[in-house]
Structure formats: C-alpha cells, structure tokens
Amino acid sequence: MLPVEYVGLMRTRLYVIVFFEQPVTESLIKFLGLPFLLMFITVFLPDVDTADGISLILTIILTNVALLFTLPPTDEFTTAEMVIIFQSVFTLIVFFLHQYLSLTTYDIILFDSAAVIAAMIHVFFEYRNFRSMVSGIKDKIEEASTEIMSTNSYGYQELDTYV
C-alpha cells in the first residue's frame, strides 16, 4: 500500500529500447559482400562469347533479385536494397560497356573496384547517420530524464519500493 503522500499522485515514465535485430556482421556479409563477389565475376566477360556473357550477367542479376527477397519487409528503401540494386545496374552497365568498347579484364577490375569503393563509402555514411540519430535520441531521453528527476522530490527508486 502506498503512503498517504503518494495517494492521488500520478507519475508517468517513458521506456525506450534501441536494438539491432541481427548482428551487423551478418548483414554486411549477406547484403554487401555477396553481391560484391558476384559483381567481380564480370572479370570473366572478356574470355566468354556474347551468349555466355548474357547468361552470366542474367545469373548475377537474378541472384541479386533473390537476395532482395530475403530482406525483411519494410515500407522504406533501405541501404541494403540500394546497394543490391546499384550492383545489379552496375553489372549491366559493365556488360554493355564491354560489348561496345571491348573492355579488358583490367578495365573491368577497375570499374568493379570503383563501384565497391563507392558503395562502401555510401554504407559508411548511412551507418554514421544512423549512429548520429541514435545518439540524438539517447541525448533527448537523458535530458528529459534529468529534468523529471529534478522536479520529482521522491525519486523513482523510492516509488518502485511501494509499487
């Protein structure tokens, strides 16, 4: 039972939990590493004829599409979706450039490496923005918590012993 001074008082609390649904390493390997490895298969384009090149590119793109279906459903365009779609479109561009400009293996490695670096920079900035957002939320909660505790003469720990 609550002491007389607590009767009629209503205190509210806000609990916020920020967590990852799965380890970051798994997402990086599955949605960044695997498509990059598939994209680097394009280095074999100079060694195959056009029909085999088309089947190679379509296989890579369909594998990326299948990878999109393994993503958790969301209403927003996520970083993983951006990277996978970028890699699929880039693979098509490399194929067309190879067909019309007769790119060498070295040229394809340079293009693929540039795409990997660009995507990794994008992912780094997206992650940095995410960490900044989480930090901002935590700071706001800490400010509100400090303000509530300074106006509460009893304190939450004391209230918890009676509830």
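Refer to the structure above for everything that follows.
Residues numbered from 1 in each chain as written. Predicted model: local features only at pLDDT ≥ 70, side-chain atom pairs only at ≥ 80, totals over all residues. Heavy atoms only, no water.

For the rest of this paragraph, the subject is the environment of phenylalanine 40. Relative to the elements of secondary structure, phenylalanine 40 occurs in the loop between α1 (24-39) and α2 (50-69). On the basis of relative accessible area, phenylalanine 40 is assigned to the partly exposed category, the value being 29%. In this structure the C-alpha to C-alpha distance between phenylalanine 40 and isoleucine 60, which are 20 residues apart in sequence, comes to 9.9 Å. Apart from residues lying up to four places away in sequence, phenylalanine 40 is in contact with Ile109, Asp112, Ser113 and Val116. (Helix = DSSP H or I, 4+ residues; strand = E, 2+ residues; numbered from the N terminus. Buried < 20%, exposed > 50% of the residue type's maximum accessible area, 1.4 Å probe, protein only. Contact = heavy atoms within 4.5 Å.)

Moving on to the nonpolar core. Among the nonpolar cores identified, the biggest contains 17 residues, and Phe36, Met39, Leu45 and Ile108 are the most heavily contacted of them. If you list the elements that add at least two residues to this core, you get α1, α2, α3 (79-101) and α4 (105-151). Of the residues forming this core, the biggest block, 5 residues, is contributed by α4. Setting aside residues up to four positions removed in sequence, phenylalanine 36 forms contacts with Gln87, Ala115, Val116, Ala119 and Met120. Among the nonpolar cores identified, the runner-up in size contains 5 residues, and Phe31, Leu71, Ala80 and Ile84 belong to it. (Core = buried A, V, L, I, M, F, W, Y, C linked by side-chain atoms within 4.5 Å.)

With that out of the way, let us pick up the packing of aromatic side chains. Tallied over the entire structure, the rule returns 4 aromatic pairs. Centre to centre, the rings of tyrosine 127 and phenylalanine 130 are 6.4 Å apart; their planes meet at 35 degrees, and the pair counts as tilted. In this pair, tyrosine 127 and phenylalanine 130 both sit in helix α4, 3 residues apart, roughly one turn of the helix. (Phe/Tyr/Trp six-rings, centres within 6.5 Å; stacked < 30°, edge-to-face > 60°.)

This next bit is on the environment of leucine 92. Looking at where leucine 92 falls in the secondary structure, it is placed in helix α3. You can call leucine 92 partly exposed: its relative accessible area is 32%. Taking the C-alpha atoms as reference, leucine 92 lies 8.3 Å from isoleucine 61; in sequence the two are 31 residues apart. Setting aside its immediate chain neighbours within four residues, leucine 92 contacts Ile57 and Ile61.

As a further point, take the side chain of threonine 42. Mapped onto the elements of the fold, threonine 42 is located in the loop between α1 and α2. We classify threonine 42 as buried; its relative accessible area is 0%.

Nothing here speaks to function; it is all geometry.
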